[in-house]
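What follows is each chain in one-letter form.
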Amino acid sequence: MFIGLDLGTSGVRALLVDAAGAVLASADRGLQVSHPQPGWSEQNPQDWVTASREALLELQTKAQAEMAQVQGIGLSGQMHGATLLDADGAVLRPCILWNDTRSHMQAADLDAMADVRALSGNIVFPGFTAPKLMWVAEHEPDVFAKTAKVLLPKDYLSFWLTGRAASDMSDSAGTSWLDVGARGWSERLLAAGNMRRDQMPDVIEGTDIVGTLRPDLAQELGLSADVQVVAGGGDNGASACGVGALREGDGFVSLGTSGVILAARNGFHPDPGSAVHTFCHAVPGRWYQMGVMLAATDSLNWLAGITGASPADLTAELSDLRSPSKVRFLPYLSGERTPHNDSAVRGAFVGLDIATDRAELTQAVLEGVSFGLRDSFEALRGTGADLLTLLAIGGGTGSRYWVELLATILGVPLQLPAQGEFGAALGAARLAMCGVTGADPLQVMTKPDIAETIEPNTQLSAAFDEAYAAFRSSYPALKAMP
C-alpha cells in the first residue's frame, strides 16, 4: 500500500492506494489563509502538520488493516511558499504563499540581473520563493539573519515526517534558485538573491527517498516502522503524474479557479519572455512547461455573484455552440501570468449593447477565458511543444458548452476522463510507489480512462480564429487606459 499526501492552499488530501494504483480510502482537512495586509497571503506551517496528522489518522480509522501494509508516503503540494527555519528547525514566521505579491519590486530587481532567466528558465514572478527572501531581508532583517533553512510547503511536511530537509526538482524549480536545465542548485542564482547553499535543502529527484518515517509518528499513525517517505513533486508536476502526462506530446488543460495548460517535455526548452513556466518534472530526466491564467472558473464565479445565479445556471442557458459573441470579455480580474506577466492589469467587457442579456455575458466570459488559455497554448507551441490532444480536467469541464468552445478555440480534441481519482494526491502516491519499488514511472503513471472526446466545431473554427485575433488586439488598448 502507498499514501499520497497533497498539501493544497485550501486543504490537505490523503489518499491510500494499493500496488495496482486503486484508491482504497481518502481523507481531507481544510486550511485557512491569512491576509494580514492587502496582497499578503500566509499560512502557519503548524496548521499543515495538524491537518496532515488528522487526515492520516482518518485513513487509519477507515482502513486499519491496509494502513499496516503501507510501504511509502509520497508528497505533493502548493509551490513557491517560503517556510523559514532557524538552526534548531523551528519556524521563524508564517509561510509566505505562492499568491502573495508583496515582493513584486524584489522580483523585478532579481529578474533584471544577468543570467537569472537563462539559468532558472523562467521570469522571476513575485510569487516565486527567491524574491520573498529578498523582501524578508529588507523588511524583517532579524528573521533573515536567523534563517538557517528555507523549505517549500510540502517539504516542511517531509521534514516533519523524517527530520531531513530535502526537496524535489519540480518544486525547487519554482524558487529561482535552481538551475532548471542542470537540475541542481545554482551558486549564481543563490548569490543573486543573497542566499547560501547551506540554507537550501538537499535537492533530489521526485522518486528519491527522503528518509524513513520517524518511529514515534509511525507508532501514532499505525504504520510500519520502515515506511519510506518519497520526495514527490510540486502540485502541477504531481498532477501530471496523476494523469500520465510524462512523454513529449502529453498534456492537459485545467479549467479550475485558475487555468493551466501543461505540456510534458523530454528536454529543457525555456522561453522566459513568453511567461511560460519551465520546470523540472517530478520524474527524472524530464521537464514540463505550462501557461497560467489567474481567473478561469473564477471569472464565471464572479459573474455568478454579480447576477445572483449559480455558475451551473448560467452555463445551462447556453446549449448548442454559438458563433462568437459581439461582446468581448478580458479575463484579467486578478491580473495575468501567461503571456503578459502583468499583475496590475484588470478585466473589462467591450461591446456591451442595450440588448445584451445575461446569456450573452456568460458566453463572453467563457470565450474570454478560452481565448486567454489559447494565449498559453500558442506560447507553448512557440517553445516547440506539439500538443495534438489535451486531457480536460477541473470544475469548468462540467459545462459541455465550455469544453466544446475550448476545443474549437484551441483547435484540438479535448478528452474528458471517466470518473475517478487523477489529481496531485494520486500522483504523489504513484511517486511513492516508484521510489520504494523501483518501478518504471512510464509503467505506473498511466493515463485515466477516457469517457468522451470532444472534437472542435470546424464550422465555427474560422470565426473563432478571427475573434481570437480581436481579443489579442484588446490587451494593448486595455493596458494603455489610465
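Residues numbered from 1 in each chain as written. Predicted model: local features only at pLDDT ≥ 70, side-chain atom pairs only at ≥ 80, totals over all residues. Heavy atoms only, no water.

Asks: Hey, could you run me through the overall build of the protein in this one?
Replies: When you go through the protein residue by residue, the secondary structure sums to 18 helices and 23 strands. For 482 residues, the compact-globule formula gives about 23 Å, and the C-alpha radius of gyration of the protein, at 22 Å, lands near that figure. Principal-axis analysis of the C-alpha atoms places the extent of the protein at approximately 70 × 50 × 40 Å. A buried classification covers 59% of the 482 residues belonging to the protein. Here the protein has roughly 17,800 Å² of accessible surface; of this, 50% comes from carbon and sulfur atoms. Within the protein, the 54 negative side-chain charges are centred at a point lying 2 Å from the centre of the 33 positive side-chain charges. (Helix = DSSP H or I, 4+ residues; strand = E, 2+ residues; numbered from the N terminus. Rg over C-alpha atoms; globule rule 2.2 N^0.38 Å. Buried < 20%, exposed > 50% of the residue type's maximum accessible area, 1.4 Å probe, protein only. Areas by Shrake-Rupley, 256 points an atom, 1.4 Å probe, with all protein chains shown as cover. Lys, Arg positive; Asp, Glu negative; His and termini not counted. Charge placed at Lys NZ, Arg CZ, Asp CG, Glu CD.)

Asks: Would you take a moment to explain the pattern of salt bridges for this structure?
Replies: Two side chains bearing opposite charge may form a pair once their charged atoms approach each other closely. Under the definition given, this model contains 27 salt bridges. With a closest N to O distance of 2.9 Å, Glu58 and Lys62 form a salt bridge. Residue Glu58 and its partner Lys62 are both found in helix α1 (residues 45–62); the two are separated by four residues, about one turn of the helix. Here Arg196 makes a salt bridge to Asp198, at a shortest N to O gap of 2.9 Å. The class for Asp198 is partly exposed, based on a relative accessible area of 43%. Overlapping salt bridges, with partners in common, bring together Glu42, Arg93, Asp100, Arg102 and Glu140 in one network. (Salt bridge = Lys/Arg side-chain N within 4 Å of Asp/Glu carboxyl O.)

Asks: Explain the side chain of Ser186 to me, please; I cannot follow it from the model alone.
Replies: Examined against the element boundaries, Ser186 turns out to sit in the loop between β11 (184–185) and α9 (187–192). Owing to a relative accessible area of 8%, Ser186 belongs among the buried residues under this scheme. Sequence-distant contacts of Ser186, defined by excluding residues within four places in its chain, comprise Leu119, Trp177 and Asp179. (Contact = heavy atoms within 4.5 Å.)

Asks: Could you clarify how one ought to interpret helix α11 (residues 235–242) in this entry?
Replies: Count 3.6 residues to each turn of an α-helix, and residues three or four apart come out pointing the same way. Burial of α11 is extensive: seven of the eight residues sit out of reach of the surface. Along α11, the residues classified as buried are Asn236, Gly237, Ala238, Ser239, Ala240, Cys241 and Gly242. Contacts made by the buried residues of α11 are with β5 (72–77), β14 (228–234), β15 (251–255), β16 (259–265), β18 (287–293) and α16 (424–437). Downstream of α11 by a residue or two, Gly244 has a phi angle that is positive, lying close to 75 degrees.

Asks: When you look at the packing of aromatic side chains in this model, what are you seeing that I'm missing?
Replies: The way to describe two aromatic rings as a pair is by their centre distance and the angle between their planes. Under the defined criterion, the tally for this structure stands at 14 aromatic pairs. Ring plane angle 45 degrees and centroid distance 5.0 Å describe the contact between Phe329 and Phe349, whose orientation is recorded as tilted. In this pair, Phe329 is assigned in strand β19 (residues 328–330) and Phe349 in strand β20 (residues 348–350), connecting sequence segments 20 residues apart. You can call Phe329 buried: its relative accessible area is 2%. Relative accessible area serves as the criterion here: at 24%, Phe349 is assigned to the partly exposed category. Each ring, one from Tyr468 and one from Phe471, has its centre 6.4 Å from the other, and the planes form 20 degrees; the classification is stacked. Linking Tyr468 with Phe471, this pair stays in helix α18 (residues 458–480), spanning three residues, or about one helical turn. The exposure classification of Tyr468 matches that of Phe471, with both residues buried. Site record: aromatic cluster; members linked through ring pairs are Phe125, Phe128, Phe279 and Tyr288. Of note, Arg102 hangs over the ring of Trp135, and the distance from its end group to the ring centre comes to 4.7 Å. One Lys or Arg, Arg337, reaches over the ring of Phe125 and ends 4.9 Å from the middle of that ring. (Phe/Tyr/Trp six-rings, centres within 6.5 Å; stacked < 30°, edge-to-face > 60°. Lys NZ or Arg CZ within 6 Å of the ring centre and 35° of its normal.)

Asks: Even after reading the chapter, I still don't get the pairing of β5, so can you show me in this structure?
Replies: Here is the key point about a regular strand: its side chains alternate between the two faces of the sheet. Of all six residues that make up β5, six are buried, and the element is covered over most of its length. Side-chain alternation along β5 places Gly72, Gly74 and Ser76 on one buried face and Ile73, Leu75 and Gly77 on a second face that is also buried. Where strand β1 (residues 2–7) and β5 come together, six bridges link them in parallel fashion. Bridge pairing in β5 places Leu7 opposite Gly77. Two elements, β5 and β14, share five bridges in a ladder whose sense is parallel. The residue bridging Gly72 from the neighbouring strand is Gln228, located in β14. (Pairing = 2+ DSSP bridges.)

Asks: Would you mind going over unusual backbone geometry with me for this structure?
Replies: Trans is the prevailing form of peptide bonds, just as negative phi is the prevailing case for residues other than glycine. With an omega of 5 degrees, the peptide bond between Thr338 and Pro339 qualifies as cis. Along the chain, Pro339 falls in the loop between β19 and β20. Look at Ala275: it is not a glycine, yet its phi comes out positive at around 65 degrees. The backbone of Asn341 sits at a positive phi, close to 50 degrees, despite the residue not being glycine. Here Asn341 is to be found in the loop between β19 and β20.

Asks: What is the right way to read the pairing of β14 from this model?
Replies: Of all seven residues in β14, seven are buried; the element is thus mostly enclosed. Note that strand β13 (residues 209–212) and β14 share three bridges and pair antiparallel. Looking at β14, one finds that Thr212 is bridged to Gln228.

Asks: How should I be thinking about the nonpolar core in this particular structure?
Replies: Note that soluble globular proteins tend to have their nonpolar side chains buried in a common cluster. In this structure, Val253, Ile261, Leu373, Leu390, Leu405 and Leu414 are the most contacted members of the largest nonpolar core, which totals 53 residues. For this core, the leading source of residues is helix α14 (residues 358–382), giving eleven residues. Setting aside chain neighbours within four positions, we find Val253 in contact with Val260, Ile261, Leu373, Leu390, Leu391, Ala392, Ile393, Leu406 and Leu414. Counting 47 residues, the second largest nonpolar core, distinct from the first, contains Met169, Trp177, Phe252 and Ile393. (Core = buried A, V, L, I, M, F, W, Y, C linked by side-chain atoms within 4.5 Å.)

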